[in-house]
Amino acid sequence: MHAVSIQPFDFSRNPLLVFWETTKACPLSCRHCRASSIPRPLDDELTGEEGLSLINSISDFGQPKPVVVLTGGDCMMRADLLGLVREARTGGLNVAISPAVSDLLDDGRLLELAGLGVKSVSLSLDGSTPEIHDSIRGIEGHFEQTLLAAARLISMGFSVQINTTVMSENVHQLADIVLILKELGIRTWEVFFLITVGRGQEMKELRPEQYEDVCNFLADVTRYGFTVRTVEAPFFRRIVAERRSSGKQVAERSALYSQFSEELRRHLGQPSFDYSGTGLPTRDGKGIIFVAQNGDVYPSGFLPYSVGSVRSQSIRDIYRNSETLIAIREGQFSGKCGVCEYRDVCGGSRARAYSRYGDVLAEDPACIYTPAAMRS
């Protein structure tokens, strides 16, 4: 089999997305929180002046400029949030926010953000029922608050994306979550595959076979007109590429995938679209970079391996010159990820490799695919 690739994008120069964990402060205490969020900011959080310096440094990447995603914790806990957004917009940066659903997500502040040019907001929905979502989020009534917040944001003109972290506790509700998205009128779904960092160490990951089932299900979801993206499951692109190019169906219809298929058709009927694209082939450190609340720079928020600090270097220099990031972008992987024909399109989860083996360049232990080069 020939190596699978797509139209190149020069991720050696500029990332597509810069995630900034503006604070660890958050009114929630979610069981799977990557950030291990806390009620109040830490003393080493980037100051307002340092934050403005970071924003200007991101602008220095030049064209095409990255999108800045302000996350946390809860970015709404930053008193200087509007000033940071204003500076970013002045520098020609597009800004998206990923807030918690709380009383801080009020109309007045949202209208101010919209007036500054913020158009995209992502909210987390981790179950299709109050029992599951509220249990994961740690607040009774949060499920209903999230649905109301999504509807309110849409009515205010924001483009809303729903984020879902898939784990053993909620995997059987994924098809029901798709129905909720349809009823809300939301067409973009980003599915996070649990990495055991932060409080997520207490949660249970799926088995590799279940990851494959979920990704095949997500490929089916794209045939209903949804844009689906995955976080820490880049092998989703391999599955979509296989099914799009050959019409390949799932070889063995497991009980889990059969459940997904039946529920999806019961909720939405027969699909009417082809398998949709999965976007550019980003992965941790390739097209994506993460700035922690104290200025440390990681390949992604789920890969707590520091490659520098914006307190001593510019984000541009770190991204372009870090030996670790260069190795990730060049696909210098060990194990089957290193010889896989989908290495450029996928490349495996670097965060999961690090979590399991302590090596950011190791193979992804969640992928069941056997590369052509390794078949007897």
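Data block above holds the structure.
Quantities reported herein were computed from a predicted structural model and do not represent experimental measurements.

> When you look at helix 1 (residues 48–59) in this model, what are you seeing that I'm missing?
Helical periodicity: at 3.6 residues per turn, an α-helix aligns residues three or four positions apart in one direction. Across its 12 residues, helix 1 extends 17 Å between first and last C-alpha, which sits within 8% of the 16 Å expected from 1.5 Å per residue. Within the span of helix 1, buried status applies to Gly51, Leu54, Ile55, Ser57, Ile58 and Ser59. The secondary structure elements touched by the buried residues of helix 1 are strand 1 (17–21), strand 2 (67–71), helix 2 (81–90), strand 9 (287–291) and helix 10 (315–321).

> Help me understand helix 7 (residues 208–222) in this model?
For helix 7, which comprises 15 residues, the first-to-last C-alpha distance of 22 Å matches the rise-based estimate of 21 Å (1.5 Å per residue) to within 8%. By the criterion of burial, helix 7 is predominantly enclosed, with 13 of the 15 residues buried.

> Looking at this structure, I do not really get the pattern of salt bridges. What am I missing?
Side chains that carry opposite charge are capable of pairing whenever their charged atoms lie near each other. Per the counting criterion, the structure on display carries 12 salt bridges. The residue Lys24 makes a salt bridge to Glu21 at a minimum N-O spacing of 3.2 Å. There is no split in this pair, since Lys24 and Glu21 are both buried. In this structure, Glu341 and Arg375 form a salt bridge, with 3.8 Å as the shortest nitrogen-oxygen distance. Remark: Arg375 occurs in the segment after helix 13 (350–357) and Glu341 occurs in the loop between helix 12 (335–339) and helix 13; sequence separation between them is 34 residues. Glu341 gets classed as buried once you look at its relative accessible area, which sits at 7%. With a relative accessible area of 43%, Arg375 lands in the partly exposed category. Several salt bridges converge on common partners, so that one network encompasses Glu45, Arg78 and Asp80.

> Before we go on, may I ask you to explain the packing of helix 6 (residues 174–184) against helix 9 (residues 255–268) in this structure?
Helix packing for two helices is described by the angle between their axes and how far apart those axes are. With their axes 9 Å apart at the nearest point, helix 6 and helix 9 run at an angle of 20° to one another. When the axis of helix 6 is compared with that of helix 9, the two are roughly parallel. The hand of the helix 6/helix 9 crossing is right-handed. On helix 9, the residues that touch Leu174, Ala175, Asp176, Val178, Leu179 and Lys182 of helix 6 are Phe260, Glu263, Leu264, His267 and Leu268.

Reading the values: rules and limits
- Residues numbered from 1 in each chain as written.
- Predicted model: local features only at pLDDT ≥ 70, side-chain atom pairs only at ≥ 80, totals over all residues.
- Heavy atoms only, no water.
- Helix = DSSP H or I, 4+ residues; strand = E, 2+ residues; numbered from the N terminus.
- Expected span 1.5 Å × (residues − 1).
- Buried < 20%, exposed > 50% of the residue type's maximum accessible area, 1.4 Å probe, protein only.
- Contact = heavy atoms within 4.5 Å.
- Salt bridge = Lys/Arg side-chain N within 4 Å of Asp/Glu carboxyl O.
- Axes fitted to C-alpha atoms, helices over the stretch in contact; angles between N-to-C directions.
- Parallel < 35°, antiparallel > 145°, perpendicular 65-115°, else oblique.
- Left-handed = near helix turned anticlockwise from the far one by under 90°.

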